[in-house]
Amino acid sequence: PRKKPPVSVVANVKNEDGCIMWKPLWDNPSVESNWLIEPLLPRGRSISMYCAAGVGKSELALFVSARAAVGDELFDGLEHKPLRVVYLDYEMTESDLRERLILMGYGPKTDLEKLFYYLYPPFPPLDTPQGGERILQIAKKHKADLVVIDTTSRVVFGEESSADTLRDFHQHTGIRLKEAGITVWRLDHAGKSLAAGQRGTSAKNDDVDVIWYLQRERGLGVHLHAEKKRQTWIPDDLNLLRSEQPLRYAFAEDYVPEDALRIIKALNRAKAPRDVSVRVAREMLKSTKVTVGQELLMQALKYRYRKRV
């Protein structure tokens, strides 16, 4: 598998009160990757994913979480530095978890030490101050990059149909994890009418940066549509192919990873031939002051040639 270039860390641009310091902001533009897991989970954001019953949201979430924690290649075929994932599961049983991990090719010899999996944890509701404080402690204890909540309705005390419940969740849990730079991925159920969106109050749409609606594509895999996105660089639609033995999700042919697209755009600006060699492409990129690792450049050239981007 190809290795992905390391991600630079953006400098702190806020003071202790959260006020932006302008000089560090302008001195450190966009040096951190937008993505925690491209193109599904933007870094440090709050993401909701919902679907009808039985479509496979928990399967996809576990696949992403386990492979991210192990450092296995995900959708783009690149190895990644292992992420630290806290998973709160209020849906499956121990047998379900074991079975799904086996289907994904994992077993006793797999290093899952960075996947902190809490099955029906006895935490206070996350729409209360006590619950928010508890999950923040857990996330910090494990130095979590990602917190997965499966599902939202199971972690709140208030009525799911009440806007106050979701506002309390955001105040006590969501905003605290976000301020800590932790990506939050909430799973949810669709309402009785799919056209109406997620089950419960429309306030579920207010506190998240991205809402993915998940549908199963017969004979292919799953289709995700971004019903809401605060960031323009998040794709509107995403198709993932699903295969078995072992269970895998991978990009369909309609998606070009952001890092590769950046290189492709630079090559296009330099008017590089469609079949340009790696050596010539590197020289042309130097003239545009773009530097890139060998593996990423080869990936970009492959996408550029095959997809005519």
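Residues numbered from 1 in each chain as written. Predicted model: local features only at pLDDT ≥ 70, side-chain atom pairs only at ≥ 80, totals over all residues. Heavy atoms only, no water.

Enquirer: For the sheet that holds strand S13 (residues 248-251), give the residues involved together with the corresponding values.
Expert: Strand order in the open sheet formed by nine strands is S7-S6-S8-S9-S4-S10-S11-S12-S13, with mixed pairing between adjacent strands. The sheet is open, and its two edges are formed by strand S7 (115-119) and S13, each paired on a single side. With strand direction ignored, the average angle separating the axes of adjacent strands in the sheet is 20°. Of the pairings in the sheet, the one linking strand S10 (residues 210-217) to strand S11 (residues 221-229) comprises eight bridges and is antiparallel in character. (Pairing = 2+ DSSP bridges. Helix = DSSP H or I, 4+ residues; strand = E, 2+ residues; numbered from the N terminus. Axes fitted to C-alpha atoms, helices over the stretch in contact; angles between N-to-C directions.)

Enquirer: An account of the packing of helix H2 (residues 57-70) against helix H3 (residues 94-103) is needed here, citing residue identities and associated values.
Expert: In contact at an axis separation of 11 Å, H2 and H3 are set at 65° when each is read in the N-to-C sense. Here H2 and H3 pass one another in a crossing that is right-handed. Mapping the contact onto sequence places Ser58, Glu59, Leu62 and Ala66 in H2 and Leu97, Arg100 and Leu101 in H3. Taken together, the residues of the contact of H2 with H3 break down into four nonpolar, one polar and two charged. (Left-handed = near helix turned anticlockwise from the far one by under 90°. Contact = heavy atoms within 4.5 Å. Nonpolar A, V, L, I, M, F, W, Y, C, P; charged D, E, K, R; others polar.)

Enquirer: Help me get a handle on the pattern of salt bridges, residues and values and all.
Expert: Under the defined criterion, the tally for this structure stands at 11 salt bridges. Salt-bridge contacts for Asp72 lead to Arg67; the nearest nitrogen and oxygen are separated by 3.9 Å. We classify Arg67 as buried; its relative accessible area is 5%. Across the pair Glu244 and Arg242 runs a salt bridge, and its minimum N-O distance is 2.9 Å. A relative accessible area of 55% places Glu244 in the exposed class. Residue class for Arg242 comes out partly exposed when judged on its relative accessible area of 28%. Linked through salt bridges whose partners overlap, the residues forming this network are Glu59, Arg242 and Glu244. (Salt bridge = Lys/Arg side-chain N within 4 Å of Asp/Glu carboxyl O. Buried < 20%, exposed > 50% of the residue type's maximum accessible area, 1.4 Å probe, protein only.)

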